[in-house]
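Chain and residue survey
Spelled out from the first residue to the last, the chains are:
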2 protein chains.
Amino acid sequence: MQHIRNAIRNVPDFPKPGIDFKDITPLLASGSLFKEVIDAFADRHHKNNIDVVVGIEARGFIFASALAYALGAGTCLIRKPGKLPHTVHRQTYELEYGTDAVEIHLDAFQCGQRILIIDDVLATGGTVAATAQLISSHFDVEIVELNFLMELDFLNGREKLPGQPIFSLLNY
Amino acid sequence: MQHIRNAIRNVPDFPKPGIDFKDITPLLASGSLFKEVIDAFADRHHKNNIDVVVGIEARGFIFASALAYALGAGTCLIRKPGKLPHTVHRQTYELEYGTDAVEIHLDAFQCGQRILIIDDVLATGGTVAATAQLISSHFDVEIVELNFLMELDFLNGREKLPGQPIFSLLNY
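Residues numbered from 1 in each chain as written. Chains lettered and ligands numbered in written order. Predicted model: local features only at pLDDT ≥ 70, side-chain atom pairs only at ≥ 80, totals over all residues. Heavy atoms only, no water.

**Here's the deal with the overall build of chain A**
The helix and strand tally for chain A stands at five helices and nine strands. The secondary structure elements of chain A, listed N-terminal to C-terminal, are α-β-β-α-α-β-α-β-β-β-β-α-β-β. Rg of the C-alpha trace for chain A: 16 Å, near the compact-globule value of 16 Å for 172 residues, within the 12% margin. When the backbone C-alpha atoms are referred to their principal axes, chain A occupies close to 40 × 40 × 30 Å. Here chain A, with 172 residues, has 55% of them falling under the buried criterion. For chain A, restricting intrachain contacts to residue pairs at least 6 apart in sequence, the fraction spanning at least 24 positions comes to 56%. With an accessible surface of roughly 7,400 Å², chain A has 49% of that area assigned to carbon and sulfur atoms. Where the 15 positive side-chain charges of chain A centre and where its 21 negative ones centre are 3 Å apart. (Helix = DSSP H or I, 4+ residues; strand = E, 2+ residues; numbered from the N terminus. Rg over C-alpha atoms; globule rule 2.2 N^0.38 Å. Buried < 20%, exposed > 50% of the residue type's maximum accessible area, 1.4 Å probe, protein only. Contact = heavy atoms within 4.5 Å. Areas by Shrake-Rupley, 256 points an atom, 1.4 Å probe, with all protein chains shown as cover. Lys, Arg positive; Asp, Glu negative; His and termini not counted. Charge placed at Lys NZ, Arg CZ, Asp CG, Glu CD.)

Next comes the structure, spelled out in structure tokens:
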């Protein structure tokens, strides 16, 4: 995975001073590296009968939709408030200053479906914890695993996801 | 394509009164329909040697990344101002009231690459016209085609894209 890691660029002080942002656009620009990443997740789940891959706005969509295609699964959008057109469930969560929220359509899943949640980065875990909470409190589905391209270990995002099965392709 | 069309839901008065929004989430939720849509584009381009599929934030990412994976191509993100972490080119464009802009990373493409632009809907064409302008004014690449899942013919988006090759899977 070192060549995958090499294609992720550090951008200092983005989105604000002191944050070292992991920029995945050089990785996405390479057809062979992007395919290798998606295939790594697809190989992991090819016997898991995944019905729907859930993507968290906006970079999560990139991984969720390609992985859904690779697995023959559907994909579901978790969006910021006001972006989904139909009736939604909403889950708010705490930020360092203030709150944010994620939304999902009321008819996002069918009863008993097997769900995979994917995002580019597991950082502090706030958004993905809210997403998992949103799904498990409103739908009778099984969350098979939470997947991430990268996990920033020093931010302890896993602590916000107790009991959840987590797999990250890269750790920092 | 009637079964694809049947999986797209009309949501009246979204995002504002008088707009009949085409909601693609029921289509995305179906693994078989989503695969059929992506394969329709992939079949069209499998001999076109596409290097990079360009997706426009945010729903464009869904189609661009899955199609990139299907073609073995890379994918490139066109984003709203301030979202891309590295140095960008920016293109502003006119809205009904005011202006908006799209951005792309300076190193998004290599010289001579063959590019496909995809988005979910061709409506008034403002965003995609700005995207095509952004790419052709800053990069020595070939835009092979502009692709859309849906084209809303009555909004005449094509008029903003003179001389550009356009293909839409569905017309309304």
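**Things to note about the sheet that holds strand β7 (residues 114-122) of chain A**
All names here are of chain A. Spatial strand order, β4-β3-β7-β8-β9: five strands in an open sheet with parallel pairing. Of all strands in the sheet, those bounded by a partner on one side alone are β4 (74-78) and β9 (166-171). On average, each strand axis in the sheet is tilted by 20° relative to the strand beside it, whichever way the strands run. Note: strand β3 (residues 52-56) against β7, four bridges, orientation parallel. Among the inter-strand pairings, Val52 is bridged to a residue of β7, identified as Ile115. Most of the contacts of helix α4 (residues 59-71) go to β3, to which it runs at about 165°, and overall it touches β3, β4, β7 and β8 (142-151). (Pairing = 2+ DSSP bridges. Axes fitted to C-alpha atoms, helices over the stretch in contact; angles between N-to-C directions.)

**Observations concerning the packing of helix α3 (residues 31-45) of chain A against helix α4 (residues 59-71) of chain B**
Relative orientation of the contacting elements α3(A) and α4(B) amounts to 100°, with a least axis distance of 9 Å. The orientation of α3(A) with respect to α4(B), classified from their angle, is roughly perpendicular. Residue-level contacts link A:Phe34, A:Lys35, A:Ile38 and A:Asp39 of α3(A) to B:Ser65, B:Ala68 and B:Tyr69 of α4(B). Per-class residue counts for the contact of α3(A) with α4(B) are four nonpolar, one polar and two charged. (Parallel < 35°, antiparallel > 145°, perpendicular 65-115°, else oblique. Nonpolar A, V, L, I, M, F, W, Y, C, P; charged D, E, K, R; others polar.)

**Notes on the sheet that holds strand β7 (residues 114-122) of chain B**
Residues and elements named next belong to chain B. Judged by pairing direction, the sheet is parallel, and its five strands sit side by side in the order β4-β3-β7-β8-β9 without closing on themselves. Looking at the sheet topology across the chains shown, the edges are occupied by β4 (74-78) and β9 (166-171). Along the sheet, successive strands turn relative to each other by an average axial angle of 20°, direction set aside. One ladder, built from eight bridges, connects β7 with strand β8 (residues 142-151); its direction is parallel. Opposite Ile117, over in β8, you have Leu146 as the bridge partner.

**Focus: the relation of the copies chain A and chain B**
Aligned on chain B, chain A shows an RMSD of 0.0 Å; the corresponding rotation is 180° and the shift along the axis is 0.0 Å. Such a combination of rotation and displacement between the chain copies is what one expects of a two-fold axis. Minimal C-alpha distance to the rotation axis in chain A is attained by A:Ala66, lying at 2.0 Å. Here 100% of the contact residues of chain A are again contact residues in chain B; the copies associate through an equivalent surface. (Least-squares fit on C-alpha atoms with pLDDT ≥ 70 in both.)

**Re the pairing of strand β3 (residues 52-56) of chain B**
Regular strands place side chains that alternate from one sheet face to the opposite one. All names here are of chain B. Of all the five residues making up β3, five are buried; the element is thus mostly covered by neighbouring parts of the structure. Alternating positions in β3 separate into two faces, Val52, Val54 and Ile56 on one and Val53 and Gly55 on the other, with burial throughout. Strand direction decides the pairing type here: β3 and β4, joined by five bridges, are parallel. Looking at the pairing, Val54 lines up with Cys76 of β4. Traced from β3 through α4 to β4, the parallel crossover comes out right-handed. (Right-handed = clockwise from strand over helix to strand, strands pointing away.)

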